[in-house]
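# Structural overview for review
Residue strings, one per chain:
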Amino acid sequence: MARPPSRPPAPKKPAPPKRRRSEPPWRRREEESTKPRRGGGGPPREDGERGPQSKNAVGYRLDIEYQGTQYSGWQIQQNARTVAGVLEGALRDAGCEIVELQGAGRTDAGVHALHQVAHLRLRRGIEPEPLRRDLNDRLPGDVHVLRIGAVPRGFHARHDAVERSYLYQISRRRTAFGRRFVWWVRDRLDLERLRSAATALEGRHDFRRFCVAAAEQTSTLVQIEGVEIVEAGDLILLRLRASHFLWRMVRRTVGTLVEAGTGRLPVEEIAALLDPGAPDRDPGPAQWTAPPSGLFLERVRYAGDPPIGELRPVVEVAAFRGR
């Protein structure tokens, strides 16, 4: 019996055209930022080194506020949750190709920031405001990007800063609402003793007794531009201004001022603590370190910025007679 003739194979349907992947609304093409130039091919390196290829990166300034209670500081660390870490994660999730992210101040674990500044270098450009909104949708509620703006290629958040100011909040009473943002000092503090002790800090001094790992510092000399102390309800606010601060210097300075304010430390001994030739004191600033809860990186100033404004509390603690 003859076999029926086999049917010719059906013609293959043409594959549908590939859909072009849409880019985030904040993405702006910067052909010039990704083209290899003479003297160095390929994109900038991921490690953020200032090698010959990183000159093609596009620079931005980020102004950020955060509550540091749940973080191990600003700087990225292995096996630790940090502010820069969650910010970098949000940037990558948003599709940014990061070359470098660096802050103006490396706040310690538990320390807050009212106005941290960071520079961000990307492989290609973005539209700042749409990216800012996108990042804030991705970030946890205790980190917020205030502003993103384009900056010249050489802008460096840490090296270009001309002044930093820190605010510390001391509470005279126990507070249920402000406890994450104050240090409750139970002892009576004499405001005049505090102010008298603070005047000894102004000027250029050696703060090796007020920092961690003094031997590892390039220099322990710091020029303190000003110390302000004001009352606000049941709060005592301290502001320190300088071009830079050493690791844990602000907290040890505040703790030392509190010792003077209670009368346990004679005001005259502040000068001796700043004298590298004087004998070490035990206990000293290391044992008097103030807790991180009351400390805020208040402002980072750059050339041309207006002066810092009036000293005000971050959270108010109304005066109350009962303690």
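Being a predicted model, the structure only gives us computed values, none of them experimental. (Residues numbered from 1 in each chain as written. Predicted model: local features only at pLDDT ≥ 70, side-chain atom pairs only at ≥ 80, totals over all residues. Heavy atoms only, no water.)

Turning to the overall build of the chain, a few remarks are in order. In terms of regular secondary structure, the chain is built from six helices and ten strands. Put simply, of all contacts in the chain between residues at least 6 apart along the chain, 72% involve residues at least 24 apart. Put simply, the chain shows about 17800 Å² of open surface, and 49% of that area lies on carbon and sulfur atoms. (Helix = DSSP H or I, 4+ residues; strand = E, 2+ residues; numbered from the N terminus. Contact = heavy atoms within 4.5 Å. Areas by Shrake-Rupley, 256 points an atom, 1.4 Å probe, with all protein chains shown as cover.)

In this model, the chain carries a mean pLDDT of 86, and residues with pLDDT of at least 70 account for 82%. Note that residues 29-53 has pLDDT below 50 and, in this model, 44 contacts with residues that lie over four places away or in other chains. (pLDDT = per-residue confidence, 0-100.)

Let us look at unusual backbone geometry. With an omega of 0°, the peptide bond between aspartate 282 and proline 283 qualifies as cis. Structurally, the position occupied by proline 283 is in the loop between α6 (269-273) and β10 (295-302). Of note in the backbone geometry, arginine 248 takes a positive phi value of approximately 65° without being a glycine. Within the fold, arginine 248 resides in the loop between β9 (235-242) and α5 (249-262).

Before going further, it helps to spend a moment on the packing of helix α2 (residues 83-93) against helix α3 (residues 128-138). Their axes nearest at 9 Å, the elements α2 and α3 cross at an angle of 120°. Classified by the angle between their axes, α2 and α3 sit oblique to one another. Every pair of crossing elements has a handedness; the one defined by α2 and α3 is right-handed. Along the contact surface, α2 presents Ala90, Leu91 and Asp93, while α3 presents Leu131, Leu135 and Arg138. In terms of residue class, the contact of α2 with α3 is built from four nonpolar, no polar and two charged. (Axes fitted to C-alpha atoms, helices over the stretch in contact; angles between N-to-C directions. Parallel < 35°, antiparallel > 145°, perpendicular 65-115°, else oblique. Left-handed = near helix turned anticlockwise from the far one by under 90°. Nonpolar A, V, L, I, M, F, W, Y, C, P; charged D, E, K, R; others polar.)

Secondary-structure assignment places glutamine 116 in strand β3 (residues 112-122). Judged by its relative accessible area of 0%, glutamine 116 is buried. Polar side-chain contacts of glutamine 116 include one of 3.3 Å to the backbone nitrogen of alanine 104. If near-sequence neighbours (up to four positions away) are discounted, glutamine 116 is found in contact with Leu62, Asp63, Ile64, Tyr66, Trp74, Gly103, Ala104, Gly105 and Leu297. (Buried < 20%, exposed > 50% of the residue type's maximum accessible area, 1.4 Å probe, protein only. Polar contact = N/O pair within 3.5 Å; in protein donor to acceptor, adjacent residues only side chain to side chain.)

Relative to each other, helix α4 (residues 191-199) and α5 sit at 135°, their axes nearing to 8 Å. By the angle class used here, α4 and α5 are oblique. Taken as a pair, α4 and α5 cross one another with a handedness that is right-handed. Two secondary-structure elements touch here, α4 through Arg193, Leu194, Ala197 and Ala198 and α5 through Leu257, Val258, Ala260 and Gly261. Classifying every residue of the contact of α4 with α5 gives six nonpolar, one polar and one charged.

This part is about the pattern of salt bridges. Inspection of every chain in the model, using the stated rule, returns 22 salt bridges. Through salt bridges with shared partners, a single ionic network connects Arg61, Asp63 and Arg147. (Salt bridge = Lys/Arg side-chain N within 4 Å of Asp/Glu carboxyl O.)

Turning to the side chain of aspartate 142, a few remarks are in order. Examined against the element boundaries, aspartate 142 turns out to sit in the loop between α3 and β4 (143-150). Of the buried charged residues, aspartate 142 lacks a salt bridge, with arginine 81 as the closest side chain of opposite charge at 4.6 Å. Within polar-contact distance, the side chain of aspartate 142 engages the side chain of tyrosine 71 at 2.6 Å. Excluding residues within four positions of it along the chain, aspartate 142 makes contact with Glu65, Tyr66, Gln67, Gln70 and Tyr71. (Lys, Arg positive; Asp, Glu negative; His and termini not counted.)

Here the focus is the environment of valine 111. Along the polypeptide, valine 111 turns up in the loop between β2 (98-103) and β3. Judged by its relative accessible area of 2%, valine 111 is buried. Between the C-alpha atoms of valine 111 and proline 291, which are 180 residues apart in sequence, the distance is 8.9 Å. Those residues in contact with valine 111, other than ones at most four positions away along the chain, are Tyr66, Gly68, Pro292 and Leu295.

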